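Descriptive analysis of the structure
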Amino acid sequence: MKFAVLQFFSWPGRRVPLRTVYDRALDRVRIMDRSGYDAVWLAEHHFSTYSVCPSVHIMGMHAADITENIRIGTGVSLAGFYHPLRLAEEVALLDNLSGGRVNWGAGRGFDATEMRVFGVEHADSYARFRENVDIVQQAWKSERLTYEGRFHTFRDIEVLPKPLQNPLPTWIGASSPDAIDWAASEGYAILMDPHSTHAEIGRKYEAYRGRLAAGGFANHADIPMARLIAIAPTDAAAEAVAREGARWTVESYAGVRDSASKQERIERYVNEVIIHGSPSKVVDQLKQLEEEVPLSYLLASILSHQTFLLLTDEVMPRML
């Protein structure tokens, strides 16, 4: 099983200086670089303390500069909010400066505030995202780009630099059935979300593989499956971390305020979504998911610093 971290930059309650949030996250990246992780995937969000990282490309360059081994993933670049040629340039530049270590993950986004501020109509968001991804891919492949689409038209444009990797590995963040179907129909690898239950992830992965095969595409070796994880010395302590993480996720990510709905969602996260327990219990859960889903690439969305340390020191050595 491969291990990676889906790195958020959450700022709950603004209890510490924001610089501390960044320093702690980057300290983890340094540890990851010497501990056998495959990649760090950086989460892009805007206008919320859920994760204060509006540019995964700038953050990715900093992560690349302090590491030598791990790959630098965007988890995800919110492609519909960018001018597509600027996006192609930035990701390619990051790939060159990192020595060819970029995993490009692209996603549509979902947040209504982000869409409104960036001028993206919800009704157009899928089409705009898919067109922008296509333009980025064509910009990297073409010596000079000519493209005519619904939202953008370009004539004989040389987009530089080209990525160092050829092709540059690309994943599509896909959660809904339509998104999974489209990604598979185009032959893309996908990033799977941390908010589905384990059973839902298994069903989505089975549907994805079926659609890939129907399109004549081979299955991709690396399909990162994001899972929220809470690890502590005891099961009870880990459940407390999981419950607090569920509360923060429901309130800040899902925006649920109604008490009854909030509690129902929290219980769903704790009982069906979050992997939690002592290191030995988490190893058992991962081995079960490895067989049942099957889970071969864990994209860990960690809920405490202790979780990260125990995952690194006590869980990973028993799974690699």
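Just above sits the structure.
Residues numbered from 1 in each chain as written. Predicted model: local features only at pLDDT ≥ 70, side-chain atom pairs only at ≥ 80, totals over all residues. Heavy atoms only, no water.

1. As for the overall build of the chain
This is how it is decided: Here a helix means four or more residues in a row that DSSP labels H or I, a strand means two or more in a row labelled E, and each is numbered from the N terminus. As a reference, a globule follows 2.2 Å times the number of residues to the power 0.38, and the radius of gyration itself is taken over C-alpha atoms. Note on contacts: a residue pair qualifies if any of its non-hydrogen atoms lie within 4.5 Å across the two residues. Areas reported as accessible are Shrake-Rupley estimates using a 1.4 Å probe. Residue values count occlusion only from the protein chains shown. Residues scored as charged are limited to Lys and Arg (positive) and Asp and Glu (negative), so that His and the chain ends carry no count. Where a charge sits is defined by one atom per residue type, namely NZ (Lys), CZ (Arg), CG (Asp) or CD (Glu).
Of regular secondary structure, the chain possesses 11 helices and 12 strands. Computed over C-alpha atoms, the radius of gyration of the chain comes to 19 Å, within 12% of the 20 Å expected from 2.2 N^0.38 for 320 residues, which places it in the range of a compact globule. Once local pairs closer than 6 in sequence are excluded, the contacts in the chain between residues at least 24 apart make up 73%. Put simply, the chain shows about 14,300 Å² of open surface, and 49% of that area lies on carbon and sulfur atoms. A gap of 3 Å separates the mean positions of the 34 positive and 41 negative side-chain charges of the chain.

2. Structural notes on the packing of helix 6 (residues 177-185) against helix 7 (residues 198-214)
Rules: Geometry is summarised by axes, namely lines fitted to C-alpha atoms with helices restricted to the contacting stretch, and by angles between N-to-C directions that run from 0 to 180 degrees. Crossing handedness follows the turn of the near helix against the far one: under a right angle anticlockwise gives a left-handed crossing, and clockwise gives a right-handed one.
At their nearest, the axes of helix 6 and helix 7 sit 8 Å apart, and the two run at 30° to each other. The element helix 6 and its partner helix 7 pack so that their crossing is right-handed. On helix 7, the residues touching Ile180, Asp181, Ala184 and Ser185 of helix 6 are Lys204, Tyr208, Arg211 and Leu212.

3. Observations regarding the side chain of Thr74
As a reminder, the rule being used: A 1.4 Å probe rolled over the protein chains alone gives each residue an accessible area, and that area as a share of the maximum for its type sets the label: buried under 20%, exposed over 50%, partly exposed in between. Think of a polar contact as two N or O atoms within 3.5 Å of one another; within protein, one of them needs to be a possible hydrogen donor and the other a possible acceptor, and neighboring residues in sequence only count if both atoms come from side chains.
Topologically, Thr74 is positioned in strand 3 (residues 71-74). Given a relative accessible area of 1%, Thr74 falls into the buried group. Within polar-contact distance, the side chain of Thr74 engages the side chain of Ser77 at 3.3 Å. What Thr74 contacts, discounting residues up to four positions off in sequence, is Trp41, Leu42, Val56, His57, Asn103, Trp104, Gly105 and Leu191.

4. Some points on the environment of Ala4
By secondary structure assignment, the location of Ala4 is in strand 1 (residues 2-7). Ala4 sits in the buried class, given a relative accessible area of 0%. As a C-alpha pair, Ala4 and Val40 span 36 residues in sequence and 5.6 Å in three-dimensional space. Excluding residues that lie within four positions of it along the chain, Ala4 makes contacts with Tyr37, Ala39, Trp41, Tyr297, Leu298, Leu299 and Ala300.

5. Re the side chain of His45
Along the polypeptide, His45 turns up in the loop between strand 2 (39-42) and helix 2 (56-65). Using a relative accessible area of 14% as the deciding quantity, one classes His45 as buried. Setting aside anything within four residues of it in sequence, one finds His45 in contact with Phe8, Tyr50, Ser51, Cys53, Pro54, Phe110 and Glu114.

6. Some remarks on the packing of helix 3 (residues 84-97) against helix 5 (residues 122-141)
Inclusion rule: Every angle not falling under 35 degrees, over 145, or within 65 to 115 is termed oblique; those three ranges are roughly parallel, roughly antiparallel and roughly perpendicular. Gly is put with the polar residues, along with every residue not named as nonpolar or charged; the nonpolar set is Ala, Val, Leu, Ile, Met, Phe, Trp, Tyr, Cys and Pro, and the charged set is Asp, Glu, Lys and Arg.
At a minimum axis separation of 9 Å, helix 3 and helix 5 run at an interaxial angle of 55°. By the angle between their axes, helix 3 is oblique relative to helix 5. The handedness of the crossing between helix 3 and helix 5 is right-handed. Residues Pro84, Leu85, Leu87, Ala88, Val91 and Ala92 of helix 3 pack against Asn132, Ile135, Val136, Ala139 and Trp140 of helix 5. Partitioned by chemical class, the residues of the contact of helix 3 with helix 5 number 10 nonpolar, one polar and no charged.

7. Quick word on helix 10 (residues 279-292)
Where we set the bar: By this rule the span expected of a helix is its residue count minus one, scaled by 1.5 Å. The directions considered for the arc are those from the helix axis to the C-beta atoms.
A rise of 1.5 Å per residue sets the reference length of helix 10, with its 14 residues, at 20 Å; its end C-alpha atoms lie 20 Å apart and thus fit the reference within 8%. Every buried residue of helix 10 is accounted for by Pro279, Val282, Val283, Gln285, Leu286 and Leu289. Down the axis of helix 10, the smallest arc covering the buried residues is 165°, so these residues share one side. Looking at helix 10, the residues exposed on the side facing more than 90 degrees away from the buried face are Asp284, Glu291 and Glu292.

8. A short note on the packing of aromatic side chains
Stated formally: Note on aromatic pairs: the rings of Phe, Tyr and Trp (six-membered ring only in Trp) are paired at centre separations within 6.5 Å, and the planes decide the class, stacked below 30 degrees, edge-to-face beyond 60, tilted for the rest.
In the structure shown here, the tally under the stated rule is 10 aromatic pairs. Between the aromatic rings of Tyr37 and Phe308, the centroid separation amounts to 6.0 Å while the plane-to-plane angle is 20°, which identifies the pairing as stacked. Within this pair, whereas Tyr37 is found in the loop between helix 1 (18-33) and strand 2, its partner Phe308 is found in helix 11 (residues 305-315), the two being separated by 271 residues in sequence. For the pair formed by Tyr37 and Phe308, the shared burial category is buried.

Functional significance is not addressed by these values, which are geometric in nature.
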